[in-house]
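These are the residues of each chain, in order.
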Amino acid sequence: MTKASLSRATLLIIMSVAVCVSVAVCTPEDRVPDPPAREEFISPDKTYVFEVSTPDAWKTRKSVGRLFEVAAGNRRLLWTRQLPHEWRPRFVMAGARGNVLLIDEWANITSRYALMLLDRENRVVAQHDFDAIQKVLAVPRAQIAQMGRHGVWIVKPPAWESPGSSVVIEAAGKVLRVNLADGSLSLAR
Amino acid sequence: MKKMIRQSFMVLTLLFLVTSALPAVAATLALTIQPYQICDDDGTNCANSAKSLFEAEGDKIWAQAGIDLIFLPWITQNSSALNTLNMDTEFGGPAAGNIIRMLFVETITHCGGAGAGIFGCGYVDANGLAIADNVFSFNGGIGRLDTIAHELGHNLGLGHGDFGAGGALNLMTSGAVRTIPSSINDITPDGIGTDQLTQAQIDEATASGFLEPVQEVPEPASALLLLSCLVPVAAFWRRNRSND
């Protein structure tokens, strides 16, 4: 590195620091990073694939869900619907019978769509808001939020209790069980 | 002796009435804000058409620091350049006295750096903030209730990661992590307890030169209550004096 390029580099660093120190330029924004433009969720037996994607690069903060059935390596579209979530669901679990569990929202809010279960025929089987989750957990709202690590209430990403038929989600020091047949909630422990 | 007891009783009653007429929790500092509704050059596409300020939410949040938000009457300004803040346009600028310039614009796509979907942008420890229209469509139309309070926090000298910010329930934590209240009932000290301020944040914010001491004026209802109680006390006093 020559002396001239060294002094140029020094000057650049000084200028960058000056720019950041200048309060008129340092303007932190309130912004939520966008989710991936497209993501697929595959059922444990690989029979169903649920795809979540944005039709407009998240301009409207809305997503579209598509359920595919997989047979002999080919995908057949079963249904498409716009999802009501802010951006999209935070987690998705695709079940063995084509049931799809949409969990929480990408936005960190006390969601109206904390849990939403759709079936193979595109019907809403069950929908639970944050208050319903709190009722089952039976702990104060503040305690749930204090322990939440993925959004407001989820401590650990959801997992299969019984692959394809029931999901467990850790929240507020307890484990919530969701039955994928009817969307009913109970405490696993 | 009897007279002394009677007079002491009356003085104590008077003191009680005067103190009970004062507000229970009083803000000690005021932050005055001038809201601007920005429209395009031709006067169309005005931002924040409902002129929402989320004032109750902001007041509840900043009450933690004893700060009252005072909004001046709206000013409408036509400027397409400001309405779509797509460069690091200087929007703070000088203000009259300590009045904060709050611009409501259609979109912000640049705030210190380029980025899509920016809700708000505020200068740190300096005047000026901008709020985009997506704040009002957030959460199914409930709105991003704490963005205005968050950006004001920047003006008062608070950043995303200093003075104890960083947790999901802290007002100044970045939008990627912060939990947003769905109603005023979830703002601290209630509900899930969003938008908390640490003591270090309160100390820093309350040292800001933008704040002015609040002149407490008793509310009309309190003043009437006080008056209605003072009249009988005065009458009682007068009767006692004439009896003496």
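Calculation rules
- Residues numbered from 1 in each chain as written.
- Chains lettered and ligands numbered in written order.
- Predicted model: local features only at pLDDT ≥ 70, side-chain atom pairs only at ≥ 80, totals over all residues.
- Heavy atoms only, no water.
- Disulfide = S-S within 2.5 Å.
- Buried < 20%, exposed > 50% of the residue type's maximum accessible area, 1.4 Å probe, protein only.
- Pairing = 2+ DSSP bridges.
- Helix = DSSP H or I, 4+ residues; strand = E, 2+ residues; numbered from the N terminus.
- Axes fitted to C-alpha atoms, helices over the stretch in contact; angles between N-to-C directions.
- Contact = heavy atoms within 4.5 Å.

### A look at the state of the cysteines
Working definition: the covalent bond between the sulfur atoms of two cysteines is a disulfide.
All names here are of chain B.
Here is step 1 of the chain: Tallied over the full model, the rule gives two disulfides over all chains.
Here is step 2 of the chain: Two residues, C39 and C46, share a disulfide whose sulfurs are 2.0 Å apart. Negative torsions about the S-S bond denote left-handed disulfides, and the value of about 105° found for C39 with C46 makes this one right-handed.
Here is step 3 of the chain: Overall, the relative accessible area of 29% leaves C46 in the partly exposed class.
Here is step 4 of the chain: Assigning the bonded cysteines of chain B consecutive numbers by sequence position, one obtains the connectivity 1-2, 3-4.

### Structural notes on the sheet that holds strand β10 (residues 156-162) of chain A
Residue and element names in this part refer to chain A.
Here is step 1 of the chain: Read across the open sheet, the four strands follow the order β10-β11-β12-β13; overall the sheet is antiparallel. Either end of the sheet is taken by a strand with one partner, and the two such strands are β10 and β13 (185-187). Going across the sheet, the axis of each strand differs from the next one's by a mean of 30°, ignoring polarity.
Here is step 2 of the chain: With four bridges connecting them, β10 and strand β11 (residues 166-171) associate as antiparallel partners. Directly across from A159, in β11, lies its bridge partner V168.
Here is step 3 of the chain: Each of β11, β12 (174-179) and β13 touches helix α2 (residues 130-137); the most contacted strand, β13, lies at about 35° to it.

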